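Overview (structure and organization)
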Amino acid sequence: MRIMVQKFGGTSLSTVQAREHVLRHVKRELEAGLSLVIVVSAMGRRGEPYATDTLLDWAAQNGNALSAREKDLLLCCGEIISATTLSSLLEHEGIPTTVLTGAQAGFVTDDNFGNARILDVRPVRVLEQLQLGRVVVVTGFQGQTENGDFTTLGRGGSDTSATALGAALRAEMVDIYTDVNGILTADPRIVEDARPLTVVSYAEICNMAHHGAKVIHPRAVEIAMQSQIPVRVRSTFADTEGTLVTHPEGFQDVQTGIVDRYVTGIAYVSNVTQITVDVPGGADRLQLKVFKTMAENSISVDFINVTPSGVVYTVFDSDSEKAIQVLQEIGLKPQSLSGCAKVSVIGGGINGVPGIMARIVESLTLADIQILQSADSNTTIWVLVKKEDMVQALRALHASFELHL
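Just so we're clear, the structure is a prediction, and the values are computed from it rather than from any experiment. (Residues numbered from 1 in each chain as written. Predicted model: local features only at pLDDT ≥ 70, side-chain atom pairs only at ≥ 80, totals over all residues. Heavy atoms only, no water.)

**As for the overall build of the protein chain**
For the protein chain, the count of helices and strands is 12 helices and 18 strands. A compact globule built from 405 residues should have a C-alpha radius of gyration of about 22 Å, and the protein chain, at 23 Å, falls within 12% of that. When the backbone C-alpha atoms are referred to their principal axes, the protein chain occupies close to 75 × 55 × 35 Å. Taking all 405 residues of the protein chain together, the buried fraction comes to 52%. Taking the intrachain contacts of the protein chain between residues at least 6 apart in sequence as the baseline, contacts between residues at least 24 apart amount to 73%. Counting every atom, the protein chain has about 18400 Å² of accessible surface; 49% of that belongs to carbon and sulfur. In the protein chain, which carries 33 positive and 45 negative side-chain charges, the distance between the mean positions of the two groups comes to 2 Å. (Helix = DSSP H or I, 4+ residues; strand = E, 2+ residues; numbered from the N terminus. Rg over C-alpha atoms; globule rule 2.2 N^0.38 Å. Buried < 20%, exposed > 50% of the residue type's maximum accessible area, 1.4 Å probe, protein only. Contact = heavy atoms within 4.5 Å. Areas by Shrake-Rupley, 256 points an atom, 1.4 Å probe, with all protein chains shown as cover. Lys, Arg positive; Asp, Glu negative; His and termini not counted. Charge placed at Lys NZ, Arg CZ, Asp CG, Glu CD.)

Below, the structure is given as structure tokens:
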């Protein structure tokens, strides 16, 4: 069988008109001779009846006392409603379907309720139904422990379900349908001349997803990369090909003039606080004390610079008050700067190319934007700026690297 996995997000299923577009995409691939597995998210966004956030709000309004295990049981309802709704529409069109929950589709997870990790995918029933000529509709975002408890995979979990199932089935392609036309060079709400990318590497989009781009979850990309399953990010509301995510050697199969680019895109994360812990003359095991304290209090740290006399790092603004408090409790005197933004310049061609950082500094200096901190890897350079400078920084860097061309 030639198997394709299609994943449709909440906005792709939330209205009658959107669901008509979904049916069109399904029919097109069936007419091309592909066997289809469709992974669905809960319909809509907060406020709409079956959205995940609406279910969470419902629990909060009714005692707000669900344990993590029982909360996962509730949240699984959203995807079940989506899957059965789509199944009914497909059957009405004469397309035979079978709906499977994450557990029935073979997703085995650990018991970290609310953010479970996939341990294995055993798609026996999926294959059986495909061999019978049926379209299999799978509830995304969920799985089951070895003991039979329902689990959810955390935010973006349906993307992860789709690529994990694609890997287990050795699918030809995983198509992630969203409300945008592929992956863009920057957030189009901020950078008006951001343009869609024809092709990106797994590493590039994984970095973009980790550093603020929300079009696909980084866990989903990592699974696809490990299994070498190509992924396309496409719009539910158009028939364009969207963006192909693959290995760089696969770029030659795509007609594009951007293979040799240095920088692929610009991403951002806002609402972060910079924390500085300085100790005159240095301090034995200071770094260990700081980061062990953060870990013990479940505070996520990022953008870390370590020196012999201190450390500088960031936390989310929502965690900053607690971070400062626990550091003071162990005798340290942290300084903090809230309301910052992390801006990331991402590209597979950055490594080993002189002048990239110089161009970043030049463009931000000309825009009178102060760089509070910087770091780099072989595919990404990060700068920390004040939040009020974030929009101007994104636009300046996008223009400097000519990503609009």
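Once the structure has been displayed, the description carries forward.
**Re the pattern of salt bridges**
Counted under the stated rule, the structure contains 21 salt bridges. A salt bridge links Arg234 to Glu29; its shortest N-O distance comes to 3.8 Å. You can see Arg234 sitting in strand β11 (residues 231-235) and its partner Glu29 sitting in helix α2 (residues 16-31), a full 205 residues away along the chain. Take Arg234 and Glu29: they sit in the same class, and that class is buried. (Salt bridge = Lys/Arg side-chain N within 4 Å of Asp/Glu carboxyl O.)

**A short note on the sheet that holds strand β18 (residues 380-386)**
Two strands in a sheet stick together by hydrogen bonds in their backbones, pointing the same way (parallel) or opposite ways (antiparallel). The sheet built from 6 strands is open, its strands ordered β14-β15-β13-β16-β18-β17 with antiparallel pairing. Of all the strands in the sheet, just β14 (302-307) and β17 (373-376) have a single pairing partner and so form its edges. The mean angle between the axes of side-by-side strands here comes to 30°, regardless of whether they run parallel or antiparallel. In the packing of helix α7 (residues 202-210) onto the sheet, contacts are made with β13 (265-278), β16 (335-346) and β18, and the angle to β16 comes to roughly 155°. (Pairing = 2+ DSSP bridges. Axes fitted to C-alpha atoms, helices over the stretch in contact; angles between N-to-C directions.)

**Examining the nonpolar core**
Val37, Val126, Leu165, Ile183, Ile205 and Ile216 are the most contacted members of the largest nonpolar core, which totals 39 residues. Among the elements that take part in this core, helix α6 (residues 157-169) stands out by supplying 5 residues, more than any other. Not counting the four nearest positions on each side in its chain, Ile205 is found in contact with Ile183, Val200, Val215, Ile216, Val221 and Val245. Membership of the second largest hydrophobic core comes to 26 residues, among which are Ile190, Ala194, Ile381 and Leu403. (Core = buried A, V, L, I, M, F, W, Y, C linked by side-chain atoms within 4.5 Å.)

**Topic: the sheet that holds strand β12 (residues 243-246)**
Taken in spatial order, the 8 strands of this open sheet run β3-β6-β2-β1-β9-β11-β12-β10, and their pairing is mixed. Two strands bound the open sheet, and with one partner strand each, they are β3 (97-100) and β10 (199-201). The average undirected angle you get between the axes of adjacent strands in this sheet is 20°. Pairing analysis gives 5 bridges linking strand β1 (residues 3-8) to strand β9 (residues 173-178), with the strands arranged parallel. Paired with Met4 across the two strands is Met173, which belongs to β9.

**Digging into the pairing of strand β6 (residues 135-139)**
Where burial is concerned, most of β6 is hidden: 5 out of the 5 residues are buried. In β6, alternate side chains face the same way, and those of Val135, Val137 and Thr139 on one face and Val136 and Val138 on the other are all buried. In the sheet, strand β2 (residues 35-40) pairs with β6 via 4 bridges, with the strands oriented parallel. The partner of Val37 across the bridge, within β6, is Val136. Of the strand pairs in this sheet, β3 and β6 are connected by 4 bridges, and their pairing is parallel. Paired with Val99 across the two strands is Val137, which belongs to β6.

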